[in-house]
Amino acid sequence: MEYRIEHDSMGEIKVPANSKWGAQTQRSTENFRIGSDRMPITFIHAYAILKKSVAKVCVDLGILSEAKAEAITFAADEIIAGKYDDQFPLVIYQTGSGTQTNMNVNEVIAHIGNEYLAEKGVEERLHPNDDVNKSQSSNDSFPTAMHIATSLAVEHNLLPALAQIKATLQAKSEEFMHLIKIGRTHLQDATPLTLGQEVSGWLYMVEASEKMIREAAQHMRELAIGGTAVGTGLNAPEGFDEKVVAEISKQTGLDFVPSPNKFHALTSHDQITTTHGAMKALAADLMKIANDVRWLASGPRSGFGEISIPENEPGSSIMPGKVNPTQCEAVTMVAVQVMGNDVTIGFAASQGNFELNVFKPVILHNFMQSVELLSDAIRSFNEHCLVGITANEDKLEHFLNNSLMLVTALNPHIGYENAAKIAKLAHKEGLTLKEAAIQSGLLTEEQFNEWVVPSKMIK
């Protein structure tokens, strides 16, 4: 491999000749060979949005030349467009402040920007620290980029996925609203409801989780920029934070605001923790929905079989014709991963010491992974399973008519204990509920037919 020599405050170091990064990025690649998880590229794009916004503000404040700002803007736009995704090689498990990733972004922008200036015949050159990092610290820019990236991920990935599954569940609820089935509590027979009512419960779970996520995500709109090293704003001009945040809002289309307390913004990640907590609640609901679907579709001959799900691929390498609820299994695996990520985020967020939390990269990594997994799993579950669910009406009717819990309708007429005697007699003797009721002598066939009507047991 061919190399070039780069230098930083620690001296010279060899850097691959075709790379756009500089000395500090190279040191990180050599000092932190820990795992294969790298900084999410969407986070890098968010960081470039921040750098572009800062450059514009610095020109307006008269502390950066127009030529340099133009070069930074050009380079940032190229990065945002995904043209240099391969120039951000750093792993998650590095410095807890994310300084090395900040410098990776600074160095790549400076390199691309300097090529741009040279082509324009401009003598000025960008310095990664003095120009691209002007009026910033990693300690305020990294959490700012975190909030930009996480907010964009929720807004543009997770929420649209939730809209899709809500539409499907709404349609299925309406389609199945007339189909009466037996309910189940404690995995035992219970009183009737409709299949549409059962699905409406799934729909409301998603709606409630979405509402909590939206509400929590609003708190991530507060940005740390302007706090610089410890929250005091050293080396940042007066009004810098408000101007930069306004520009970020313009660039992203989201309404961000400056954090009212920069000391909090640097050392605490309770806003991300809260939002991920709402995402964990969504994961729990998805676990329940997926489990319900695979239970209700179990069989085809030895299970409940009340619904059928699409047959997407062979289910077994040894049992011909077997079809498994694979989409449900994928969703439930995603759910447990998100729950694990929530534990990591919560613990990492508790580790702020004095003026800085130094678990930022791992918080970011787990949050972004959860958004990606939830969004992808929801779309897949919706497309390859939920939209294709059909009701098996014969099975619904069979279980309904053979359920002993229809006896509950007799409580107002003959009392709980007498109704229980009928149910136990039917179960012990293998009788239908009607046969047991008549045999008990507690009511006539006519009374049974009048009082035990499943359609009247549903409100």
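Residues numbered from 1 in each chain as written. Predicted model: local features only at pLDDT ≥ 70, side-chain atom pairs only at ≥ 80, totals over all residues. Heavy atoms only, no water.

## Topic: the UniProt feature "domain: Fumarate lyase N-terminal" (unreviewed entry) in the protein chain
When the UniProt feature table is mapped to this numbering, "domain: Fumarate lyase N-terminal" (unreviewed entry) covers residues 11-340. For the annotated span residues 11-340, helix accounts for 59% and strand for 8% of the residues, and the straight-line distance between the end C-alpha atoms is 41 Å. (UniProt positions renumbered as here; feature names shortened; annotations may be inferred. Helix = DSSP H or I, 4+ residues; strand = E, 2+ residues; numbered from the N terminus.)

## Some remarks on the nonpolar core
It is characteristic of soluble globular proteins that their nonpolar side chains tend to be buried jointly. In terms of nonpolar packing, the biggest core is built from 105 residues, with Phe 43, Val 293 and Phe 381 touching the most fellow members. Among the elements that line this core, the one with the most residues is helix H6 (residues 138-175), at 14 residues. Not counting residues within four places of it along the chain, the set of residues in contact with Val 293 comprises Trp 202, Ile 307, Ile 309, Cys 328, Phe 381, Cys 385, Leu 386 and Ile 389. In terms of nonpolar packing, the next biggest core, distinct from the first, is built from 17 residues, Ile 182, Leu 404, Leu 406 and Leu 433 among them. (Core = buried A, V, L, I, M, F, W, Y, C linked by side-chain atoms within 4.5 Å. Buried < 20%, exposed > 50% of the residue type's maximum accessible area, 1.4 Å probe, protein only. Contact = heavy atoms within 4.5 Å.)

## So, the pattern of salt bridges
Where charged atoms of side chains with opposite charge meet at close range, the side chains can pair. Under the criterion given, the structure shown has 16 salt bridges. The salt bridge partner of Lys 262 is Asp 241, with a shortest N-O separation of 2.9 Å. Highlighted residues: Lys 262 in helix H9 (residues 262-267) and Asp 241 in helix H8 (residues 240-252), separated in sequence by 21 residues. Taken individually, Lys 262 and Asp 241 each receive the classification buried, so the pair is uniform in this respect. By sharing partners, the salt bridges in this structure join Lys 181, Arg 184, Glu 198 and Glu 306 into a single network. (Salt bridge = Lys/Arg side-chain N within 4 Å of Asp/Glu carboxyl O.)

## Observations concerning the UniProt feature "active site" (unreviewed entry) in the protein chain
Per the UniProt entry, the sites bearing "active site" (unreviewed entry) are His 186 and Ser 316 in this numbering. Annotated residues spanning 131 residues; largest pairwise C-alpha distance 30.3 Å, indicating distribution over more than one region. For His 186, the position within the fold is in the loop between strand E3 (180-185) and strand E4 (188-194). Taking relative accessible area as the criterion, His 186 reaches 77% and is therefore assigned exposed. The residue Ser 316 is located in the loop between strand E7 (307-308) and helix H11 (326-349) in this model. Using a relative accessible area of 22% as the deciding quantity, one classes Ser 316 as partly exposed. In this structure the side chain of Ser 316 is engaged in a polar contact, spanning 3.0 Å, whose partner is the backbone nitrogen of Ile 318. (Polar contact = N/O pair within 3.5 Å; in protein donor to acceptor, adjacent residues only side chain to side chain.)

## Section: the pairing of E3
Each regular strand displays side chains that alternate between the two surfaces of the sheet. Here E3 pairs with E4 via five bridges, running antiparallel. Its bridge partner being in E4, Thr 185 is matched across the sheet by Gln 188. Linking two consecutive strands that pair antiparallel, namely E3 and E4, is a turn of two residues; a positive phi of about 60° is found at His 186 within it. (Pairing = 2+ DSSP bridges.)

## Section: helix H16 (residues 433-440)
Taken together, the buried positions of H16 are occupied by Leu 433, Ala 436 and Ala 437. For H16, the buried positions fall inside an angular range of 100° around the axis, keeping them on one side. Following H16 by one or two positions, Gly 441 adopts a phi angle in the positive range, close to 80°. (Arc of directions from axis to C-beta.)

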